[in-house]
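Structure assessment
For reference, the chains in residue letters:
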Amino acid sequence: MENTQNTFKKISDVPDEYLNALSRKQIFFGHQSVGYNIVEGIENVMENKTRIKLNVSQDKRIENISEGAFLHSEVGQNKNPMSKIDAFEKILDSGLGKKVDIAFLKFCYVDISADTDIKEVLKMYSESIDRLEKRYPEITFVHFTVPLTAIPSGFKVWVKKILGKADSKDLEANIKRNEYNSLLLEKYKGKDPVFDLAGIESTNQNGSRQTFIKDNNTYFSLVPEYTYDGGHFNETGKKVVGEQLLIFLANID
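Now for a description of the structure that goes with this document. Because the structure is predicted, anything quoted here is derived from the model rather than measured. All residue numbers refer to position in the chain's written sequence, counted from 1. Local features in this predicted model are restricted to residues whose pLDDT is 70 or higher, and side-chain atom pairs enter the listing and the counts only when it is 80 or higher, whereas totals over whole chains, interfaces and linings include all residues. The basis for the side-chain values is all heavy atoms of the structure; hydrogens and waters are excluded.

1. So, the pairing of strand β8 (residues 217-220)
Remark: a regular strand shows side chains that alternate across the two faces of the sheet. Pairing between two strands requires that DSSP report at least two bridges joining them. By definition, any uninterrupted DSSP run of H or I lasting at least four residues is a helix, any uninterrupted run of E lasting at least two residues is a strand, and each is numbered from the N terminus. By the bridge criterion, four bridges tie strand β7 (residues 211-214) to β8 in an arrangement that is antiparallel. Residue pairing for β8: F212 is matched across the bridge by Y219. Hairpin connection between β7 and β8: a loop of two residues separates the two successive antiparallel strands, and D215 in this loop has a positive phi of roughly 55°.

2. A closer look at the environment of K9
By the element assignment, K9 lies in the segment before α1 (16-22). C-alpha separation for the pair K9 and E243, spaced 234 residues apart in sequence, amounts to 9.2 Å. Only heavy atoms enter the contact rule, under which two residues are in contact if any of them lie within 4.5 Å. Excluding its chain neighbours within four sequence positions, the residues that come into contact with K9 are Q244 and I247.

3. What about the packing of helix α4 (residues 118-135) against helix α6 (residues 169-188)?
Helix-helix packing is characterised by the crossing angle of the two axes and by the distance between the axes. Every axis in this analysis is a line fitted to C-alpha atoms, fitted for helices over the stretch in contact. Angles between the N-to-C directions lie between 0 and 180 degrees. Interhelical geometry of α4 versus α6 gives an angle of 35° and a closest axis separation of 10 Å. Every pair of crossing elements has a handedness; the one defined by α4 and α6 is right-handed. Between α4, through I118, K119, V121, L122, Y125, S126 and I129, and α6, the contact on the second element is made entirely by K176, E179, Y180, L183, L184, K187 and Y188. Within the contact of α4 with α6, the residues separate by chemical class into nine nonpolar, one polar and four charged. The hand of a helix crossing depends on one turn: near helix anticlockwise from the far one by less than a right angle means left-handed, and clockwise means right-handed. All residues other than Ala, Val, Leu, Ile, Met, Phe, Trp, Tyr, Cys, Pro, Asp, Glu, Lys and Arg, Gly among them, are scored as polar; the first ten of these are nonpolar and the last four charged.

4. A closer look at unusual backbone geometry
In this structure, K79 is a non-glycine residue whose phi angle is positive, near 75°. Take K79: it is sitting in the loop between β3 (69-74) and α3 (81-93). Working definition: with a 1.4 Å probe on protein chains only, accessible area under 20% of the residue-type maximum means buried, over 50% means exposed, and in between means partly exposed. Note on K79: relative accessible area 68%, which makes it exposed. The backbone of N216 shows a phi angle near 70°, a positive value even though the residue is not glycine.

5. Re the sheet that holds strand β1 (residues 26-31)
The strand order across the open sheet formed by six strands is β2-β3-β1-β4-β5-β6, and the pairing between neighbours is parallel. Among the strands making up the open sheet, the edge pair consists of β2 (55-57) and β6 (194-195). Sheet analysis places strand β4 (residues 102-105) next to strand β5 (residues 140-144), joined by four bridges and oriented parallel. Among the inter-strand pairings, A103 is bridged to a residue of β5, identified as F141.

6. A short note on α3
Given a helix with a known number of residues, its expected span is that number minus one, times 1.5 Å. For α3, spanning 13 residues, the distance from its first C-alpha to its last is 19 Å, which sits close to the expected 18 Å at 1.5 Å a residue. P81, S83, K84, I85, A87, F88, E89, I91 and L92 are the residues of α3 that are buried. Looking at the buried positions of α3, the neighbouring elements they touch are β1, β3, β4, α4 and β5. Positive phi shows up at G95, right after α3, with a value of about 130°.

This is the structure:
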């Protein structure tokens, strides 16, 4: 089932019937640190939008799940995407898979480095999703693009380049993330719901895209105004992403 992303630009544009349906959903989100930023963004949006009544919790026990639950948990270890895939499967197989309506796993930007075999990561991920879809046909699995990092700029970076000290690893890692996201979108877009996290976090509030160029190719990067450390979201970034994820989820039948 495909999801039509960005049908509504703001949560205030979403009709009550969509938000009421979302408030009855049971959702599970597997993540690490950036995921906490996203959850905080969702909570912040819901504080100001009382029409949304999702109970956010890290409690994964089935007996404690009620209508309108947004459950989330850390999964696996950073820099080890396979550990996150395994943990996500195990949590759903623990009984949660029989209870939730929507589930999604988000990799972190540190899971894709300059040396990552992105085709192998996507293969492992898609094989896991295939297994889960067979075991839990009632669950809607949402696919996430991998988050990006901001590209440093300014006088210090210019000096390093002049002195030949610039570390290209950050650029190469972001290029790999862009390439992974292209493969993910190619595989799932138009077939399954895909939340383009990288697309959202690389879009400025005026609608322009944050980009960088390497070897005459253009790639996307995290908007600097959305982050406090180049990778994790600040309050602005949390709100932008949290609001768009709620809109996205409200569009899922």
